[in-house]
Amino acid sequence: MPDNASAARAPQRSSGAAPLWSQAADLIREEIARRGLAAGARLPSERELCTRFDISRVTLRKALLHLVDQGLLTASHGRGWFVATPAPAREWPNDLESFSATARRKHMTPSSLVLRHETVVASLDDADRLDVPAGAPLLRLDRVRLLNDVRIAVDRTLVVADLAPGIAEADFTSASLFEELRARGVELDRSEATIEARVADAELAGHLQISAGSPVLCLDQTIHTREQRPVLLSTVEYCGERYRLRTTFQPG
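Residues numbered from 1 in each chain as written. Predicted model: local features only at pLDDT ≥ 70, side-chain atom pairs only at ≥ 80, totals over all residues. Heavy atoms only, no water.

### Considering the overall build of the chain
- Of regular secondary structure, the chain possesses eight helices and eight strands.
- Looking at the chain as a whole, 44% of its 252 residues qualify as buried.
- The contacts in the chain between residues at least 6 apart in sequence include a share of 58% that link residues at least 24 apart.
- Here the chain displays about 13800 Å² of accessible surface, and carbon together with sulfur accounts for 50% of that area. (Helix = DSSP H or I, 4+ residues; strand = E, 2+ residues; numbered from the N terminus. Buried < 20%, exposed > 50% of the residue type's maximum accessible area, 1.4 Å probe, protein only. Contact = heavy atoms within 4.5 Å. Areas by Shrake-Rupley, 256 points an atom, 1.4 Å probe, with all protein chains shown as cover.)

Here is the structure:
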């Protein structure tokens, strides 16, 4: 049990737009880092965590299971929740993983500078790729993505607004788009992606604070839900000097 001084310094819930379970997951992650808990360390009881964060047990369980999915925690029936042994590092995930989740897996802090955040209407090309009528409402979200305050990429995304009501109200300076979609019942299943090398034009170079003509790695993807409906288009341009791709190829 923490002493009174430690409890006073414990992370506190914010009044932001993120769902309570997502806030709770972030608080637990901060608590693990603040206390320097090593692999195998046991978390406080569910009752204590519910009281500390002022949330229900259902909300807490959702947060804990989310951290299990991310590989940060493990559960032992009847014994509680424990800090997991870190998995071997991967440079590029084989599963569909958000920028924020990748950053946290690498023990880095993600953040964003929002360049554009508005509702637009689908063009003919966008409507064809997203399987919606031309003119359908889309969330347009352009962000500079940072890791530990270093500019890594520019992410330009279009989301089918009708599939995730209220998503345009989220604060994407800190919120994860994937987590906001999941909180609204949108389960992401697969991405169809192409990756190619490009050079940065003057606008992109300015956002990334690099020289025009510098190499960038461009990831263009269409992401589908479990019902196989396309839900978002995303073009992410990574600074070639600050991001690398490493994967494994095996015989078919």
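### Considering the pattern of salt bridges
- Enumeration over the complete set of coordinates arrives at 17 salt bridges.
- Between Asp220 and Arg129 there is a salt bridge, with the nearest N and O atoms lying 3.3 Å from each other. With Asp220 in strand E7 (residues 215-225) and Arg129 in helix H6 (residues 124-130), this pair connects stretches of sequence that are 91 residues apart.
- One salt bridge connects Glu192 with Arg190, and the closest N-O pair in it is separated by 2.7 Å.
- The exposure class assigned to Glu192 is partly exposed, which follows from its relative accessible area of 45%.
- Look at Arg190 and you get partly exposed, because its relative accessible area is 30%. (Salt bridge = Lys/Arg side-chain N within 4 Å of Asp/Glu carboxyl O.)

### Examining the packing of helix H2 (residues 20-35) against helix H4 (residues 57-69)
- It is at 8 Å that the axes of H2 and H4 come closest, and there the two elements cross at 60 degrees. Relative to H4, the element H2 is oriented oblique. For H2 against H4, the interelement crossing comes out right-handed. Packed against H2, whose contacting residues are Leu20, Trp21, Ala24, Ala25, Ile28 and Arg29, the element H4 presents Thr59, Leu60, Lys62, Ala63, Leu64, His66 and Leu67 at the interface.
- The residue makeup of the contact of H2 with H4, split by class, is nine nonpolar, two polar and two charged. (Axes fitted to C-alpha atoms, helices over the stretch in contact; angles between N-to-C directions. Parallel < 35°, antiparallel > 145°, perpendicular 65-115°, else oblique. Left-handed = near helix turned anticlockwise from the far one by under 90°. Nonpolar A, V, L, I, M, F, W, Y, C, P; charged D, E, K, R; others polar.)

### Things to note about the sheet that holds strand E6 (residues 188-199)
- The six strands lie next to each other as E3-E4-E5-E8-E7-E6, forming an open sheet whose pairing is antiparallel. Every other strand in the sheet has two partners, leaving strand E3 (110-121) and E6 as the edge strands with one partner each. If you compare each strand with its neighbour and ignore which way they point, the axes differ by 15 degrees on average.
- Pairing analysis gives eleven bridges linking E3 to strand E4 (residues 137-147), with the strands arranged antiparallel. Along E4, the bridge assignment pairs Leu113 with Val144. (Pairing = 2+ DSSP bridges.)

### So, the pairing of strand E2 (residues 80-83)
- Summarising the sheet, strand E1 (residues 73-76) and E2 pair through four bridges and their orientation is antiparallel. Bridge pairing in E2 links Leu73 to Val83.
- In sequence, E1 turns back onto E2 through a hairpin of three residues, with Gly78 there showing a positive phi of about 85 degrees.

### Brief notes about unusual backbone geometry
- Unlike most non-glycine residues, Gln209 shows phi in positive territory, near 60 degrees.
- When you line up the elements, Gln209 lands in the loop between helix H8 (202-208) and E7.
- Residue class for Gln209 comes out exposed when judged on its relative accessible area of 56%.
- The backbone of Gln228 sits at a positive phi, close to 65 degrees, despite the residue not being glycine.
- When its relative accessible area of 37% is taken as the criterion, Gln228 is described as partly exposed.

### A word on the nonpolar core
- Grouped together as the largest cluster of nonpolar side chains are 20 residues, with contacts concentrated most on Ile28, Ile32, Leu43, Leu60 and Leu64.
- Mapped onto this core, the elements with two or more residues apiece are H2, helix H3 (46-53), H4 and E2.
- Excluding anything up to four places from it in sequence, Ile32 contacts Leu37, Leu43, Leu72, Leu73 and Val83.
- With 16 residues, the next largest nonpolar core counts Ala164, Leu177, Phe178 and Ile223 among its residues. (Core = buried A, V, L, I, M, F, W, Y, C linked by side-chain atoms within 4.5 Å.)

### Considerations on the packing of H3 against H4
- Direction vectors running N to C along H3 and H4 enclose 105 degrees, while the axes themselves pass 10 Å from each other. Put simply, H3 runs roughly perpendicular to H4. Within the contact between the two elements, H3 uses Glu46, Arg47, Leu49 and Cys50 and H4 uses Arg57, Leu60, Arg61 and Leu64.

### Quick notes on the confidence of the model for the chain
- On average, residues of the chain score 85 in pLDDT, and 85% of them are at 70 or above.
- Counted against residues more than four places away or in other chains, residues 1-10, with its pLDDT under 50, gives nine contacts.
- In the predicted structure, residues 88-94 sits below a pLDDT of 50 and forms 16 contacts with residues beyond four places in sequence or in another chain. (pLDDT = per-residue confidence, 0-100.)

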